[in-house]
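Spelled out from the first residue to the last, the chains are:
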Amino acid sequence: MRLPRVEDIEKRIPRPEDFTARSRGPATTARVGTALGIAFGICFLTGLWSHFQYSSPGWLPIGPNPAWLYRVTQGTHVATGIASVPLLLVKLWSVYPRFFLRPPKARRDQLLDVLERASIGVLVAAAIFQLTSGLLNIVQWYPWEFSFRRTHEAVAWVAIGALLVHIAVKLPVIREGLGASVEDETPVHSDGPSRRAVLRGVTVASGLALVLTVGQTVPFLRKVSVFGVRDGGGPQDLPVNRTARAAGATRAASDPAFVLQLKAGGRSMSLTRDELAKLPQRTHRLPIACVEGWSRNAVWTGVAVQDLIALVGAPSGSTVIVRSMQTRGAFRTSELPGDFVDDPRTLLALELNGEPLSLDHGYPCRIIAPNRPGVLQTKWVRELEVRT
Ligand SMILES: Nc1nc2c(c(=O)[nH]1)N[C@H]1C(S)=C(S)[C@@H](COP(=O)(O)O)O[C@H]1N2
Ligand SMILES: [Mo]
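Calculation criteria
- Residues numbered from 1 in each chain as written.
- Chains lettered and ligands numbered in written order.
- Predicted model: local features only at pLDDT ≥ 70, side-chain atom pairs only at ≥ 80, totals over all residues.
- Heavy atoms only, no water.
- UniProt positions renumbered as here; feature names shortened; annotations may be inferred.
- Helix = DSSP H or I, 4+ residues; strand = E, 2+ residues; numbered from the N terminus.
- Phe/Tyr/Trp six-rings, centres within 6.5 Å; stacked < 30°, edge-to-face > 60°.
- Pairing = 2+ DSSP bridges.
- Axes fitted to C-alpha atoms, helices over the stretch in contact; angles between N-to-C directions.
- Near = heavy atom within 4 Å.
- Polar contact = N/O pair within 3.5 Å; in protein donor to acceptor, adjacent residues only side chain to side chain.
- Areas by Shrake-Rupley, 256 points an atom, 1.4 Å probe, with all protein chains shown as cover.
- Nonpolar A, V, L, I, M, F, W, Y, C, P; charged D, E, K, R; others polar.
- Expected span 1.5 Å × (residues − 1).
- Buried < 20%, exposed > 50% of the residue type's maximum accessible area, 1.4 Å probe, protein only.
- Contact = heavy atoms within 4.5 Å.
- Salt bridge = Lys/Arg side-chain N within 4 Å of Asp/Glu carboxyl O.
- Bend = angle between axes of the 7 residues up to and from the residue.
- Parallel < 35°, antiparallel > 145°, perpendicular 65-115°, else oblique.
- Left-handed = near helix turned anticlockwise from the far one by under 90°.

1. Describing the UniProt feature "transmembrane region" (unreviewed entry) in the protein chain
Now for step 1: Residues given the UniProt feature "transmembrane region" (unreviewed entry) here are residues 32–52, 72–93, 114–142 and 154–173.
Now for step 2: Secondary structure over residues 114–142 splits into 86% helix and 0% strand, and the C-alpha atoms at its two ends are 34 Å apart.
Now for step 3: The distance separating the terminal C-alpha atoms of residues 154–173 is 29 Å; by composition the span is 100% helix and 0% strand.

Next comes the structure, spelled out in C-alpha cells:
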C-alpha cells in the first residue's frame, strides 16, 4: 500500500476560493460583526454589573435604589446574549473559508499569521463558551463541575480582551467592509443567497430570538415569548425558581412549631409566625429579578427588617445575615448590607399578592428587598443575625 504524499493531501484540502457563496465577504462580515460587537459589549458591561450587585466592591456601593435597576440590567444581559447566538453563527459562517488560507511563505509573515490565528481561536472559543454556558445556566442544567459564576466572569474578560485586539487589528478591513455596498456583488461567484438576504435573515433570526424570550422580563410581551424559560405563571401568579422540595425545606417550612430567631450581639429573641403577623405590617410592590433573566413584579406584605432588628436593640443601618431552612446549596444564606436594611421596603415578607406565601415562594417567611438579585431574596427564613 502506498502512503499518500503530503502534496496529495494538501490538494484535497479546500481553498478559500472554493467557497463561492456570493453573500460572504467583508461587506457582510463587517455588518454582522459590528452588531455582534455591540451585543457583546452590552452583555459584558451588564454582566460585570451583575457581579457588582452580588457583592458590591468598596469603591462602588450599590444600594436599594432604583428598585428596578437589577431587573433591567440583568434582563438586558440575558436578552443580548440570546440575540448574539444567530449573529455569532452567521459571523463564523461568513469567515470560515479563511480558515483554509495557506500559511504565508516568508518567515516574518508566518509569525504574524500564527499570532492572528491564535488570537482569533481564543476569541471564537471564548465567545462560544460564554453563549453556551449562559444558555445552559438559564435552563438550569449544569453539566460541569466548575463554578458557573466565576468561570463565566473569567472567560468574559478573555473574550472582551480578544475582541478588542481583533477590532484593533481588523479596523482597516472593517472600515472598508462597512463602506462597501451590500448590493455590490461580484458577478463571477453567483451561487447562494444574496448579501441582502443573509443580512435580513440574521436580523430576523436575532429579532425572533429576542422577542420569543424577552417576555420573561418585559410584561407586555409575556404572551408572545413562548420560549421564555419562565413564562410568568406559577403559584400566586409568580414563577418559582427552586421549589421547597428541591431545596429540601418542605418539612422544616411546614412545621407548625416554627419560630424565627433574631440575634444581635448577646441578645436574642424568637417569634412565631402569628407573632410576626401581629407586628406592624408594610406592603410594597417589588420585583423578583432572577439572574437567569426572568423578572416579575409582585405585591409583598410583611415586617420591615429594620423593625425586626430593633426588637433586639440593633440600629437600622446594621448588616444582617439571613439563614434559611435549606441545609445545602449556595443560596441557603445571604447577607443584607446596611443600606438595604435601612430601607423600609426591605421586608421579611409573610404574604404575596394578598395571600399567605405558598410553600414554594418561601412560607413561613422570606426576604424581599428593592434592587436585589433574585438569588439573594432568601426563602424559608429561620434566622436573622445582626453582624456586630
Ligand atoms: N433558600 C433559598 N432561597 C432562594 C433560592 C434558593 O435556592 N434557596 N433561590 C433564589 C432565586 S435564584 C430566586 S430567582 C428567587 C425566586 O423566588 P420565587 O421562587 O419565590 O419566585 O428566590 C431566591 N430564594
Ligand atoms: Mo434566581
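There is more to say after this.
2. Section: the packing of aromatic side chains
Now for step 1: Counted by the stated rule, this structure contains seven aromatic pairs.
Now for step 2: Look at Phe19 and Phe100: their rings are 5.6 Å apart centre to centre, the planes differ by 15°, and that puts the pair in the stacked class. One end of the pair, Phe19, is in the loop between α1 (6–12) and α2 (26–54); the other, Phe100, is in the loop between α3 (69–95) and α4 (107–138), with 81 residues separating them in the sequence.
Now for step 3: Considering the side-chain rings of Tyr96 and Phe100, the 6.5 Å spacing of their centres and the 70° angle between planes classify their relative orientation as edge-to-face.

3. Observations concerning the sheet that holds strand β2 (residues 267–271)
Now for step 1: Ordered in space as β2-β1-β10-β5-β6, the five strands form an open sheet in which the pairing is mixed. Lying at the two open borders of the sheet, with one neighbouring strand each, are β2 and β6 (333–336). Direction aside, the axes of adjacent strands within the sheet are offset by 15° on average.
Now for step 2: Pairing between strand β1 (residues 260–264) and β2: five bridges, direction antiparallel.

4. Observations concerning the UniProt feature "domain: Oxidoreductase molybdopterin-binding" (unreviewed entry) in the protein chain
Now for step 1: Using the residue numbers shown here, the UniProt feature "domain: Oxidoreductase molybdopterin-binding" (unreviewed entry) corresponds to residues 266–387.
Now for step 2: In the segment residues 266–387, helix accounts for 13% and strand for 40%; the C-alpha atoms at its two ends are 11 Å apart.

5. Re the site of ligand 1
Now for step 1: Not every one of the 19 residues close to ligand 1 is listed here, only the nearest: Pro239, Gln326, His361, Arg366 and Lys379.
Now for step 2: Pro239 is positioned such that a nitrogen or oxygen atom in its backbone is 2.6 Å from an oxygen atom of ligand 1.
Now for step 3: In the complex, the protein chains occlude 99% of the 530 Å² of accessible area that ligand 1 would expose alone.
Now for step 4: The class makeup of the residues in the shell around ligand 1 is nine nonpolar, seven polar and three charged.

6. Quick look at α4
Now for step 1: End to end, α4 covers 47 Å across 32 residues, agreeing with the expected 46 Å (1.5 Å per residue, within 8%).
Now for step 2: Those residues of α4 that sit buried are Asp113, Leu123, Ala126, Ala127, Gln130, Leu131, Ser133, Gly134, Leu136, Asn137 and Ile138.
Now for step 3: For α4, the secondary structure elements touched by its buried residues are α2, α3 and α5 (148–179).

7. Quick word on the pairing of strand β5 (residues 320–324)
Now for step 1: Counted residue by residue, β5 has four buried out of five residues, so it is predominantly covered.
Now for step 2: One ladder, built from four bridges, connects β5 with β6; its direction is antiparallel. Residue Arg323 lies in a different strand from β6, and its bridge partner there is Thr333.
Now for step 3: Where β5 meets strand β10 (residues 381–386), five bridges bridge the pair, whose relative direction is antiparallel. Its bridge partner being in β10, Ser324 is matched across the sheet by Val381.

8. Some details on the pattern of salt bridges
Now for step 1: For the structure shown, the criterion picks out 15 salt bridges.
Now for step 2: Across the salt bridge formed by Glu10 and Arg15, the nearest N and O atoms sit 3.2 Å from each other.
Now for step 3: Its relative accessible area of 33% is what places Arg15 among the partly exposed residues.
Now for step 4: The salt bridge partner of Asp343 is Arg345, with a shortest N-O separation of 2.8 Å.
Now for step 5: For Asp343, a relative accessible area of 8% gives the class buried.
Now for step 6: Under the relative-accessibility criterion, Arg345 is labelled partly exposed at 21%.
Now for step 7: Sharing partners across several salt bridges, the network here consists of Lys263, Arg323, Arg382, Glu383 and Glu385.

9. Focus: α5
Now for step 1: In this model α5 runs just 40 Å from its N-terminal to its C-terminal C-alpha over 32 residues, more than 12% under the 46 Å that 1.5 Å per residue would give.
Now for step 2: Of all the bends in α5, the largest measures some 65° and sits at Lys170, one to four residues before the proline Pro172.
Now for step 3: What α5 keeps buried is the set Phe148, His152, Val155, Ala156, Ala159, Ile160, Ala162, Leu163, His166, Lys170 and Gly177.
Now for step 4: Buried residues belonging to α5 abut α2, α3 and α4.

10. Description of the side chain of Ser23
Now for step 1: Take Ser23: it is sitting in the loop between α1 and α2.
Now for step 2: Among the polar contacts listed, one links the side chain of Ser23 to the backbone oxygen of Pro193, at a separation of 3.4 Å.
Now for step 3: If we skip the residues at most four places from it in the chain, Ser23 touches Thr28, Trp93, Pro193, Ser194, Arg195 and Val198.

11. Remarks on the packing of α2 against helix α6 (residues 195–214)
Now for step 1: Running from amino to carboxyl end, α2 crosses α6 at an angle of 15°, the nearest separation of the two axes being 10 Å. With respect to α6, the element α2 is oriented roughly parallel. Note on packing geometry: the crossing formed by α2 with α6 is right-handed. For the pair α2 and α6, the contacting residues are Ala27, Thr28, Arg31 and Val32 in the first and Arg195, Val198, Leu199 and Val202 in the second.
Now for step 2: Residue composition of the contact of α2 with α6, grouped by class: five nonpolar, one polar and two charged.

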